[in-house]
Amino acid sequence: MESEPEPDASVIRGQRRAFLQHHPMPTDVAMIGEVPDSSLDYDRGIKKRIYARASIPIYWIVNLADRCIEVFTAPTGSGEFPDYLQRQVFGEDDSVPVILDGNEVGRIVMRELLP
């Protein structure tokens, strides 16, 4: 079953008031992030396919168990097996670039995200 997922975090293009009457559409989404505790397989599987099918350009999984961030980019879009073509893993000593619409807008020190 694939339905509309509820991400843990998202970066949406546009003004907040534009979404008072409806949820953002996939074209409004610049980035989505998940922070799984017990749903890592689900987030790497079903949710990743849903986001890739919707062409969400950047998908982060803050993997607490392995103390890393998995960054997925280059979604294939709709098709029989939607997925992301690129995956980068950043460890707890890394600085993770925040890329929005092809531009680096900042960096996050991974260690600051971890409990």
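Residues numbered from 1 in each chain as written. Predicted model: local features only at pLDDT ≥ 70, side-chain atom pairs only at ≥ 80, totals over all residues. Heavy atoms only, no water.

> Please clarify how helix α1 (residues 40-53) should be interpreted in this entry.
Helical periodicity: at 3.6 residues per turn, an α-helix aligns residues three or four positions apart in one direction. Taking 1.5 Å of rise per residue, 14 residues should cover 20 Å, and α1 covers 19 Å from first to last C-alpha, within 8% of that figure. Along α1, the largest kink reaches about 35° and is centred on Lys47. Note on α1: the residue one or two positions beyond its end, Ser55, has a positive phi of about 60°. (Helix = DSSP H or I, 4+ residues; strand = E, 2+ residues; numbered from the N terminus. Expected span 1.5 Å × (residues − 1). Bend = angle between axes of the 7 residues up to and from the residue.)

> Looking at this structure, I do not really get the nonpolar core. What am I missing?
Among soluble globular proteins, nonpolar side chains are generally buried collectively. In this structure, Trp60, Ile69, Val71 and Val96 are the most contacted members of the largest nonpolar core, which totals 13 residues. At the level of elements, β2 (29-34), β3 (58-63), β4 (68-75) and β6 (95-100) are the ones that each hand at least two residues to this core. With near-sequence residues (within four places) excluded, Val96 lies in contact with Trp60, Ile69, Val71, Phe90, Gly106, Arg107, Ile108 and Met110. Ranked by size, the runner-up nonpolar core spans 11 residues in total, among them Val29, Ile50, Ala52 and Ile56. (Core = buried A, V, L, I, M, F, W, Y, C linked by side-chain atoms within 4.5 Å. Buried < 20%, exposed > 50% of the residue type's maximum accessible area, 1.4 Å probe, protein only. Contact = heavy atoms within 4.5 Å.)

> I tried to follow the environment of Ile69 on my own but got confused; where do I start?
On the secondary structure map, Ile69 appears in strand β4. The sequence separation of Ile69 and Asn103 amounts to 34 residues, and the corresponding C-alpha distance is 19 Å.

> Would you mind going over the pattern of salt bridges with me for this structure?
Pairing between side chains of opposite charge can happen when the charged atoms of each approach one another. With the rule as written, the count across this model stands at 10 salt bridges. The partner of Arg111 in a salt bridge is Glu92, with the nearest N and O atoms 3.4 Å apart. Placement of Arg111 in helix α2 (residues 110-113) and of Glu92 in the loop between β5 (84-91) and β6 is noted, with a sequence separation of 19 residues between them. With its nearest N and O atoms 2.0 Å apart, the salt bridge here joins Arg111 to Asp93. One end of the pair, Arg111, is in helix α2; the other, Asp93, is in the loop between β5 and β6, and 18 residues separate them in sequence. Overall, Arg111 belongs to the partly exposed group, its relative accessible area being 43%. We classify Asp93 as exposed; its relative accessible area is 61%. Among the charged side chains, a salt-bridge network with shared partners connects Arg67, Glu92, Asp93 and Arg111. (Salt bridge = Lys/Arg side-chain N within 4 Å of Asp/Glu carboxyl O.)

Taken by themselves, the reported measurements are silent on function.
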